[in-house]
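Close look at the chain arrangement
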Amino acid sequence: VQLQAFGGGLVQAGGSLRLSCAASRRTLTTYTVGWARQAPGKERTVVAAVSYSASPTYYADSVKGRFTISKNYANNTAYLQMNSLKPEDTAVYFCGVGPGRWIPLQNVNEYEHWGQGTLVTVSS
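As the structure is a computational prediction, the values presented were derived from the model and not from experiment. (Residues numbered from 1 in each chain as written. Predicted model: local features only at pLDDT ≥ 70, side-chain atom pairs only at ≥ 80, totals over all residues. Heavy atoms only, no water.)

1. Here we look at the overall build of the protein
Keep this limit in mind: Where helices and strands are cited, they refer to DSSP runs of H or I of at least four residues and of E of at least two residues respectively, numbered from the N terminus. Atoms counted for the radius of gyration: C-alpha only. Globule rule: 2.2 Å times the number of residues to the power 0.38.
Looking only at helices and strands, the protein has one helix and 11 strands in total. Ordered by position from the N terminus, the helices and strands of the protein form the series β-β-β-α-β-β-β-β-β-β-β-β. Relative to the 2.2 N^0.38 estimate, which gives 14 Å for 124 residues, the radius of gyration of the protein is 13 Å and therefore close to what a compact globule would have. C-alpha atoms of the protein, sized along the principal axes, occupy 40 × 30 × 25 Å.

2. Some words on the sheet that holds strand β1 (residues 4-6)
Condition: In this description, strands pair whenever DSSP reports at least two bridges between them. The axes are straight lines fitted to the C-alpha atoms, using for helices just the contacting stretch, and the angles between their N-to-C directions are given from 0 to 180°.
A sheet is described by the order of its strands in space; here four strands give the open sequence β1-β3-β8-β7, paired in antiparallel fashion. Strands with a single pairing partner mark the edges of an open sheet, and in this sheet they are β1 and β7 (67-72). Between one strand axis and the next, the sheet turns by 15° as a mean value, whatever way the strands run. Pairing analysis gives six bridges linking β7 to strand β8 (residues 77-82), with the strands arranged antiparallel. Residue pairing for β8: S70 is matched across the bridge by Y79.

3. Regarding the pattern of salt bridges
Using the following cut-off: Criterion for a salt bridge: a side-chain nitrogen of Lys or Arg within 4 Å of a carboxyl oxygen of Asp or Glu. Relative accessibility thresholds used throughout: buried, under 20% of the residue-type maximum; exposed, over 50%; partly exposed, between the two (1.4 Å probe, protein chains only).
Taken as a whole and assessed by the stated rule, the structure comprises four salt bridges. For the salt bridge of K64 with D61, the shortest nitrogen-to-oxygen distance reads 3.1 Å. Comparing K64 with D61, the two get one shared label, exposed. Among the ionic pairs, R66 bridges to D89, the shortest N-O distance being 2.7 Å. One end of the pair, R66, is in the loop between β6 (57-59) and β7; the other, D89, is in the loop between β8 and β9 (91-98), with 23 residues separating them in the sequence. Judged by relative accessible area, D89 falls into the buried class, the value being 0%. Each of R37, R66 and D89 takes part in a single network of salt bridges with overlapping partners.

4. Description of the state of the cysteines
To keep it simple, the criterion reads: When the sulfur atoms of two cysteines come within 2.5 Å, that pair is taken as a disulfide.
Enumeration according to the criterion identifies one disulfide in this entry. Disulfide pairing is shown between C21 and C95; the S-S distance is 2.1 Å. Residues C21 and C95 share a disulfide whose torsion about the S-S bond is about 65°; that sign makes it right-handed. Taken together, the residues C21 in strand β3 (residues 17-22) and C95 in strand β9 connect sequence positions 74 residues apart.

5. Some points on the nonpolar core
Which entries qualify depends on this criterion: Nonpolar core, defined: a set of buried Ala, Val, Leu, Ile, Met, Phe, Trp, Tyr and Cys residues in which side-chain atoms within 4.5 Å join the residues together. We call two residues in contact when some of their heavy atoms are within 4.5 Å.
In this structure, W35, L80, M82 and Y93 are the most contacted members of the largest nonpolar core, which totals 37 residues. At the level of elements, β3, β4 (32-38), β5 (45-50), β6, β7, β8, β9 and β11 (118-123) are the ones that each hand at least two residues to this core. At five residues, β5 tops the list of elements feeding residues into this core. Among residues more than four places away in sequence, those in contact with M82 are G15, S16, L17, L19, R66, F67, Y93 and V120.

Structure (structure tokens):
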């Protein structure tokens, strides 16, 4: 499984970014796809995930209502749309895949593959 995440950058608080994760169609339709983040000195935590079937979805309380995870089968890409960004969203963001289950995986240890991270910096 190969995953490539990109789209990070520097944005002001209140702004938006969209992260992309390139994968194969088989990956998107077989595995749970999730986005996790890791801030300096902190553990990696899952912030959003979607089941192999594209629903249901999971969002951490800290991002609920601001982030949206989606999959586009036309270009074999998973997205994380991040709106109303806050300084505390600053972290390296990773896309990952794990066993395809109806309930999206919420624990980072359940994921089997991670792509390289992309840095998101939110300035105040």
